[in-house]
Each structure stands twice: as structure tokens, then as C-alpha cells.
Amino acid sequence: NKLATAFYNAVKTQLGGGSPVITDLGSQKENLSLKLYPNPAIHEVSISLAEFTAESAVRVTMSDLAGKPFIDKEVQLGAGVDQVTLPVSHLPQGLFLVAIQGGKVSKKSTLVITK
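Residues numbered from 1 in each chain as written. Predicted model: local features only at pLDDT ≥ 70, side-chain atom pairs only at ≥ 80, totals over all residues. Heavy atoms only, no water.

Asks: Residues and numbers for unusual backbone geometry, please.
Replies: With an omega of -10°, the peptide bond between Y37 and P38 qualifies as cis. Note on placement: P38 falls in the loop between β1 (36-37) and β2 (44-48). Look at the link from N39 to P40: it is a cis peptide, with omega at 15°. Inspection of the secondary structure puts P40 in the loop between β1 and β2. (Helix = DSSP H or I, 4+ residues; strand = E, 2+ residues; numbered from the N terminus.)

Spelled out as C-alpha cells, the structure:
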């Protein structure tokens with residue numbers, strides 16, 4: 001499975017070549033519901049904002065597993081805005097946490113960036 005291999009290699013790279021440690025996300029499953037595509041991504045990623053239609057603006061953040069921020073952007077939502085596309089080709093290969101924070105709703109998911 002290409003996705004599983006890309007995920008494993010991204011985590012291994014992030015950990016400096018060590019074996020990846022995957023923990024049970026258990027109670028976080030509700031928050032891990034952002035739709036990101038493509039995933040893994042090479043040049044850009046599109047993020048669905050369909051669950052944020054009641055918001056006037058959201059904050060989009062992307063950080064690595066160590067918490068180092070790479071993207072922090074406010075997106076204004078208007079009529080017909082249901083996704084945001086972000087360039088990611090400048091980011092290093094690895095596993096990233098993507099978060100969308102609105103006034104009432106927040107969602108998170110993981111993104112694999114490959115080269």
C-alpha cells in the first residue's frame with residue numbers, strides 16, 4: 001500500500017531514521033475529521049472547509065510532530081468558499097498536523113508530505 005509506505009517513511013524521516021512509534025489516537029478521533037487531498041501531498045494540499053460554513057474566518061495551522069509551526073494563516077470565508085489550497089512543496093518531507101480553528105468548530109488531521 002503506497003499510502004502506508006509513504007506514511008511510514010515520513011514518520012521514520014521525522015524521527016531521524018528511528019523506528020516510528022504510533023500511539024492510539026482514541027478520544028481524538030472526533031477531531032481528526034478534516035478532509036485533506038491529496039494525502040500524501042507533494043506540491044499542494046486542498047483542505048475542505050465544508051464544516052465551517054457558519055464561520056466568517058478560520059485559522060489554518062500546520063506544524064510538524066515536534067510542534068514547530070510551518071503555516072499559520074487566517075482564511076476569510078464568504079459565500080461559496082468551501083476549501084483552501086495551500087502550497088507545500090517548500091516544506092520538508094514528513095508528517096504534519098493540520099488544524100483548522102473557527103469560533104465554534106475546530107478540526108485536526110494529519111498530512112504526509114513526500115518529495
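Past the structure itself, the notes keep going.
Asks: Explain the packing of aromatic side chains to me, and be specific about the residues and the numbers.
Replies: Counting across every chain of the model gives 1 aromatic pair. Between the aromatic rings of F70 and F96, the centroid separation amounts to 5.3 Å while the plane-to-plane angle is 80°, which identifies the pairing as edge-to-face. Here F70 is found in strand β4 (residues 69-76), whereas its partner F96 is found in strand β6 (residues 94-101), with 26 residues between them in sequence. Residue F70 is classed as partly exposed on the basis of its relative accessible area, which comes to 26%. Judged by its relative accessible area of 1%, F96 is buried. (Phe/Tyr/Trp six-rings, centres within 6.5 Å; stacked < 30°, edge-to-face > 60°. Buried < 20%, exposed > 50% of the residue type's maximum accessible area, 1.4 Å probe, protein only.)

Asks: How would you sum up the pattern of salt bridges? Please name residues and give values.
Replies: Enumeration over the complete set of coordinates arrives at 3 salt bridges. Here E51 and K107 are joined by a salt bridge, their closest N and O atoms 3.4 Å apart. Note that E51 is positioned in the loop between β2 and β3 (57-64) and K107 in strand β7 (residues 106-113), a separation of 56 residues in sequence. Exposure remark for E51: the relative accessible area of 41% places this residue in the partly exposed category. Across the pair R59 and E74 runs a salt bridge whose closest N-O atoms are separated by 3.4 Å. Of this pair, R59 sits in strand β3 while E74 sits in strand β4, and the two are 15 residues apart along the sequence. You can call R59 partly exposed: its relative accessible area is 34%. Where salt bridges share partners, they join R59, D72 and E74 into one cluster. (Salt bridge = Lys/Arg side-chain N within 4 Å of Asp/Glu carboxyl O.)

Asks: An account of the sheet that holds β6 is needed here, citing residue identities and associated values.
Replies: What the 4 strands build is an open sheet, ordered β4-β3-β6-β7; its pairing is antiparallel. The sheet is open, and its two borders are formed by β4 and β7, each paired with just one other strand. Averaged over all pairs of adjacent strands, the angle between strand axes in this sheet comes to 15°, irrespective of strand direction. In this structure, β6 lies alongside β7, joined through 8 bridges in antiparallel fashion. Bridge pairing links Q101 to S106 in β7. (Pairing = 2+ DSSP bridges. Axes fitted to C-alpha atoms, helices over the stretch in contact; angles between N-to-C directions.)

On their own, these measurements won't tell you what the molecule is for.
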